[in-house]
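Examination of the molecular architecture
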Amino acid sequence: MMGMLARGAENIYWLGRYLERAEGVARMLQILEQISLEIRGLDPELSNRIWDDLLHIYPGSGMGAPEGNDPDQTADAFIREFLLSSSNTLSVAYSIRSARENARVIREYLTREAFVLLNECHIRLDAFTQASEINRMQMRDALSFTRQEVFGIWGAIQQTFSRDEGLRFLDMGTVIERAYRTLLLLRVKLPFILNTPAQSDLPIYYARIRAMLKAVASLENYRRSHGADLDPMQVSRFLLFDQRAPHAVQVCLRMLKRQIDELEYGSPMTHPSKLLGKLAARMEFEEQEILASSSLETTCSEIAEQVIEIHEAISRLYFTV
């Protein structure tokens, strides 16, 4: 079934998760700052409160909501914590450092091009974390260059990696992280977007839906499919099921299933494969029932828990010696 050592498989799996998480958090910080600035003149309180979404989409950071009502201070606190903190296990800096540490352990599986780019990204970001003072403009620059460098790392991986078990485990980690965060985003945002506001609040309403799509790099993809119509159920369906959306949950599950099927080819069906098969079948054949659910955000929470269960089953099967 597999010739890679369990330790190496786990490191490369988490390399994929950490790279995906670093880029996702950096993107989320950029989008939240944009939407906060966009709606500040219309609803200053919401402009400040909207940052709390980050604590629910990335739970477990250990950060509490900052005191006070100054949007600039709130934005600064959240960006600093989720970009540079060395103790926050969900910060961009922590994820890049962890990705590099995993890469060092499995150096023999990586190409020189991919490792050098990752190492340079870590060194550059670490210089920011060590700086005695860093302002908002510098943090914006750090977010931008980190996202660009992660894309460069992914490009090097896709162009130079051997098409073997290592790449499969890397892709598995990536799509599990991606599916899980999309589900948490939906869980947080659905109560808002499924309740159409009064006419006077429509500019904020549609700005927040656009920000939601941007947060998972899907606004342009959505517009190619549906134009400017930001119907909330259509947006929900797009992020759950649409095959043209790289961050759609069903797309991620199909990619995960393909990688596991290739690893298990010719072997009896394993527990992760069974769990994934059940969830994939539900997403495939119960689309209308899921969308018609009386509490779609609860359904997203249930699916997110199933994704965690699949991750844990993968860990027990492949990574436990």
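In the block above lies the structure referred to throughout.
Now for a look at the structure at hand. (Residues numbered from 1 in each chain as written. Predicted model: local features only at pLDDT ≥ 70, side-chain atom pairs only at ≥ 80, totals over all residues. Heavy atoms only, no water.)

For the rest of this paragraph, the subject is the pattern of salt bridges. What the rule picks out here adds up to 24 salt bridges. As a salt-bridge pair, Glu33 and Arg136 come within 2.8 Å of each other at their nearest N and O atoms. Of this pair, Glu33 sits in helix H1 (residues 6-39) while Arg136 sits in helix H7 (residues 136-160), and the two are 103 residues apart along the sequence. Residue Glu33 is classed as buried on the basis of its relative accessible area of 7%. Arg140 serves as the salt-bridge partner of Glu33, at 2.7 Å between the closest nitrogen and oxygen. One end of the pair, Glu33, is in helix H1; the other, Arg140, is in helix H7, with 107 residues separating them in the sequence. You can call Arg140 partly exposed: its relative accessible area is 29%. (Salt bridge = Lys/Arg side-chain N within 4 Å of Asp/Glu carboxyl O. Helix = DSSP H or I, 4+ residues; strand = E, 2+ residues; numbered from the N terminus. Buried < 20%, exposed > 50% of the residue type's maximum accessible area, 1.4 Å probe, protein only.)

So, about the packing of helix H8 (residues 165-193) against helix H9 (residues 202-215). The axes of two packed helices give the description: the angle between them and the distance between them. Between H8 and H9, the shortest axis-to-axis distance is 11 Å and the interhelical angle comes to 165°. The angle between the axes of H8 and H9 places the two elements in the roughly antiparallel class. For the pair H8 and H9, the sense of crossing is left-handed. Facing Leu185, Leu186, Lys189, Phe192 and Ile193 of H8, the residues of H9 in contact are Tyr205, Arg208, Ile209, Met212 and Ala215. When its residues are assigned to classes, the contact of H8 with H9 shows eight nonpolar, no polar and two charged. (Axes fitted to C-alpha atoms, helices over the stretch in contact; angles between N-to-C directions. Parallel < 35°, antiparallel > 145°, perpendicular 65-115°, else oblique. Left-handed = near helix turned anticlockwise from the far one by under 90°. Contact = heavy atoms within 4.5 Å. Nonpolar A, V, L, I, M, F, W, Y, C, P; charged D, E, K, R; others polar.)

A word on empty space enclosed by the protein. Counted under the stated rule, the structure contains four cavities of 30 Å³ or more. Contributing to the lining of the largest cavity are 15 residues, with Glu20, Gly24, Arg27, Tyr58 and Arg181 lying nearest its centre. When contributions to the lining of the largest cavity are tallied by element, the ones reaching two or more residues are H1 and H8. Of the residues contributing to the lining of the largest cavity, the split by class is six nonpolar, three polar and six charged. Size it by volume and the second largest cavity reaches roughly 60 Å³. Lining the second largest cavity are Met28, Ile31, Leu32, Ile35, Ile50, Leu185, Lys189, Arg208, Ala211, Met212 and Ala215. Listed by contribution, the elements that provide at least two residues to the lining of the second largest cavity are H1, H8 and H9. Considering only residue class, the lining of the second largest cavity consists of nine nonpolar, no polar and two charged. (1 Å grid on protein atoms, 1.4 Å probe; cavity = no way out; pocket = protein on both sides within 12 Å on 5 of 7 lines; lining within 4 Å. Points joined across faces, edges and corners; volume = space filled by probe spheres on them.)

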